[in-house]
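Here is what each chain is made of, one letter per residue.
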Amino acid sequence: MFPIHRNRRLRTNESIRSLVRETTISPNDFMFPMFVAEGKGVEVPLGSMPGLFRRSIDLTVKEVKELWSLGIKAVNIYVKIDDKLKDNAGKEAWNKDGLMQQTIRAIKDTVPGMIVMPDVALDPYSVYGHDGIVENGLIVNDATVDALTLMSVSHADAGADFVAPSDMMDGRVYAIRKALEESGHHNVGIMSYSAKYASSFYGPFRDALDSAPGFGDKKTYQMDYANRIEAIKEALHDVEEGADIVMVKPGMAYLDIVREVKNAVNVPVAVYQVSGEYAMVKAAAERGWLDHDKIMIEQLHCIKRAGADIISTYFAKEAAIILNR
């Protein structure tokens, strides 16, 4: 009761606020998504994602070394392949000498301690830009899962620490776990995009990889953003099927889902602060409408407070520099 209890006593100055702070963030919390291109010495600015680039393997490795020096211990890899390599089955996805496989090997050879989590989905390899194989205008589930298992094993063969299926096909976590076990990759983990919503926040990402769907949308496999209980069900199913980490995507607009999933599962929870969330902060900061660094750090705290153990964010490098300072 007031005046016996004065809550402001614990807010008097920064020293006491720091001492009683419930949520803290550090570079150890971050994973940095990276976009890789063919060639050498290639660095293409991403217009809708200021400050980010699509880089060739040599420059990607250079960036990974810098990330490691900042204390960032995990990267999430996406590749942009030549259109002539795309087909409906996505066969380039499990080419042992493909761009993704070369990238994984190069990173692990240069920075062995970096946790490499390559994206497992067919959209960068699909002539249709969908996360699955198309038959009669429909994205089919089981044939896609077969392709994803081949892709995952090829990533593990190349040296990936975790595979990260982002496709939202039913049953793919179990199929991937089974395939990894049968191929001897007992210690390769699975970070499953368990609650990935059909969101409009992904626009800049699709620009970065030229992977927008060629027809329709992704609502038959990605989740309806109006649903909450479904996310818990998806996460629990993935844990039962062998997921070591589950992910909620997008981030800030879905923090209620993060908390729900965190309360429901007994594995680490990752959150993807996606391209649209990044771009909005950048655009508003460029116009002087908000303080970029303060908003960035506040949002990362909010994601961690909601229950995230891992934050995959395009802000990882900038935030790590500030936190280290």
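This one's a predicted model, so the numbers in the text were calculated from it and none came from an experiment.

Digging into helix 11 (residues 316-324)
Burial in helix 11 covers these residues: Ala-316, Lys-317, Ala-319 and Ala-320. The arc that holds the buried residues of helix 11, viewed along the axis, is 165°, so those residues lie on one side. Tucked into the core, helix 11 has its buried residues touching strand 1 (30-37), helix 2 (57-69), helix 10 (292-306) and strand 12 (310-313).

So, the packing of helix 9 (residues 275-286) against helix 10
Where helix 9 contacts helix 10, the axes come no closer than 9 Å and their chain directions differ by 155°. For the element pair helix 9 / helix 10, the angle class is roughly antiparallel. Remark: the crossing between helix 9 and helix 10 carries right-handed chirality. Packed against helix 9, whose contacting residues are Val-281, Lys-282 and Ala-285, the element helix 10 presents His-292, Ile-295 and Gln-299 at the interface. For the contact of helix 9 with helix 10, the per-class residue count stands at 3 nonpolar, 2 polar and 1 charged.

Observations concerning the UniProt feature "active site" (unreviewed entry) in the protein
In the numbering used here, UniProt assigns the "active site" (unreviewed entry) feature to Lys-196 and Lys-249. What stands out for the annotated residues spanning 54 residues is how close their C-alpha atoms remain, the widest pair being 4.8 Å apart. Its place among the elements puts Lys-196 in strand 9 (residues 189-196). Excluding residues that lie within four positions of it along the chain, Lys-196 makes contacts with Asp-131, Ser-166, Met-168, Tyr-202, Gln-222, Met-223 and Lys-249. In terms of polar contacts, Lys-196 uses its side chain to reach the backbone carbonyl oxygen of Ser-166, at 2.9 Å. Looking at the secondary structure, you find Lys-249 in strand 10 (residues 245-249). Using a relative accessible area of 6% as the deciding quantity, one classes Lys-249 as buried. Aside from chain neighbours lying at most four places away, what touches Lys-249 is Tyr-193, Ala-195, Lys-196, Tyr-197, Tyr-202, Tyr-272 and Val-274.

Considering the packing of aromatic side chains
Counted by the stated rule, this structure contains 8 aromatic pairs. On the basis of an interplanar angle of 35° and a centroid distance of 4.6 Å, the ring pair of Tyr-197 and Tyr-254 is categorised as tilted. Of this pair, Tyr-197 sits in the loop between strand 9 and helix 6 (203-209) while Tyr-254 sits in the loop between strand 10 and helix 8 (255-264), and the two are 57 residues apart along the sequence. Taken individually, Tyr-197 and Tyr-254 each receive the classification buried, so the pair is uniform in this respect. Sitting over the face of the ring of Tyr-202, Lys-249 holds its NZ or CZ atom 4.9 Å from the ring centroid.

Points about the nonpolar core
Counting 102 residues, the largest nonpolar core has Val-75, Ile-77 and Met-191 as its most contacted members. Residues within four places of Val-75 in sequence aside, it is in contact with Met-31, Phe-32, Met-34, Leu-67, Ile-107, Met-114, Ile-115, Val-116 and Met-117.

Comments concerning the layout of surface pockets
Looking at the largest pocket, its volume works out to about 220 Å³. Along the wall of the largest pocket there are 15 residues; nearest its centre are Phe-32, Gly-51, Leu-52, Arg-55 and Glu-63. Mapped onto the lining of the largest pocket, the elements with two or more residues apiece are strand 1, strand 3 (53-55), helix 2 and helix 11. Top contributing element to the lining of the largest pocket by residue count: strand 1, with 4 residues. Here the lining of the largest pocket is composed, by residue class, of 9 nonpolar, 2 polar and 4 charged.

Considering a nonpolar patch on the surface
Together, Leu-10, Leu-19 and Val-20 make up a nonpolar patch on the protein surface, roughly 300 Å² of accessible area in all. Tracing the backbone through its elements, the reader meets Val-20 in helix 1 (residues 14-20).

Some points on the environment of Val-116
When you line up the elements, Val-116 lands in strand 5 (residues 115-120). Each C-alpha atom of the pair Val-116 and Val-173 lies 18 Å from the other, and the pair is 57 residues apart in sequence. Every residue in contact with Val-116, bar those within four places of it in the chain, is listed here: Val-75, Ile-77, Ile-104, Ile-107, Lys-108, Ala-160, Asp-161 and Phe-162.

Side note on the environment of Ile-295
Of note, Ile-295 is situated in helix 10. With a relative accessible area of 23%, Ile-295 lands in the partly exposed category. C-alpha separation for the pair Ile-295 and Ile-133, spaced 162 residues apart in sequence, amounts to 40 Å. When sequence neighbours within four positions are dropped, the list of residues in contact with Ile-295 reads Val-281 and Leu-290.

Structural notes on helix 2
Taking 1.5 Å per residue, 13 residues should reach 18 Å; helix 2 reaches 19 Å between its end C-alpha atoms and fits that length. On its buried face, helix 2 sits against strand 1, strand 3, strand 4 (74-80), helix 3 (99-110) and helix 11. Following helix 2 by one or two positions, Gly-71 has its phi on the positive side, about 95°.

Comments concerning the side chain of His-155
Topologically, His-155 is positioned in helix 4 (residues 142-158). His-155 sits in the buried class, given a relative accessible area of 0%. Not counting residues up to four positions away in its chain, the partners in contact with His-155 are Ala-93, Met-100, Gln-101, Ile-104, Pro-118, Asp-119, Val-120, Ala-160 and Val-163.

Rules behind the numbers
- Residues numbered from 1 in each chain as written.
- Predicted model: local features only at pLDDT ≥ 70, side-chain atom pairs only at ≥ 80, totals over all residues.
- Heavy atoms only, no water.
- Buried < 20%, exposed > 50% of the residue type's maximum accessible area, 1.4 Å probe, protein only.
- Helix = DSSP H or I, 4+ residues; strand = E, 2+ residues; numbered from the N terminus.
- Arc of directions from axis to C-beta.
- Contact = heavy atoms within 4.5 Å.
- Axes fitted to C-alpha atoms, helices over the stretch in contact; angles between N-to-C directions.
- Parallel < 35°, antiparallel > 145°, perpendicular 65-115°, else oblique.
- Left-handed = near helix turned anticlockwise from the far one by under 90°.
- Nonpolar A, V, L, I, M, F, W, Y, C, P; charged D, E, K, R; others polar.
- UniProt positions renumbered as here; feature names shortened; annotations may be inferred.
- Polar contact = N/O pair within 3.5 Å; in protein donor to acceptor, adjacent residues only side chain to side chain.
- Phe/Tyr/Trp six-rings, centres within 6.5 Å; stacked < 30°, edge-to-face > 60°.
- Lys NZ or Arg CZ within 6 Å of the ring centre and 35° of its normal.
- Core = buried A, V, L, I, M, F, W, Y, C linked by side-chain atoms within 4.5 Å.
- 1 Å grid on protein atoms, 1.4 Å probe; cavity = no way out; pocket = protein on both sides within 12 Å on 5 of 7 lines; lining within 4 Å.
- Points joined across faces, edges and corners; volume = space filled by probe spheres on them.
- Patch = residues over 30% accessible without salt bridge, like charges linked within 9 Å, V, L, I, M, F, W, Y side chains within 5 Å.
- Areas by Shrake-Rupley, 256 points an atom, 1.4 Å probe, with all protein chains shown as cover.
- Salt bridge = Lys/Arg side-chain N within 4 Å of Asp/Glu carboxyl O.
- Expected span 1.5 Å × (residues − 1).

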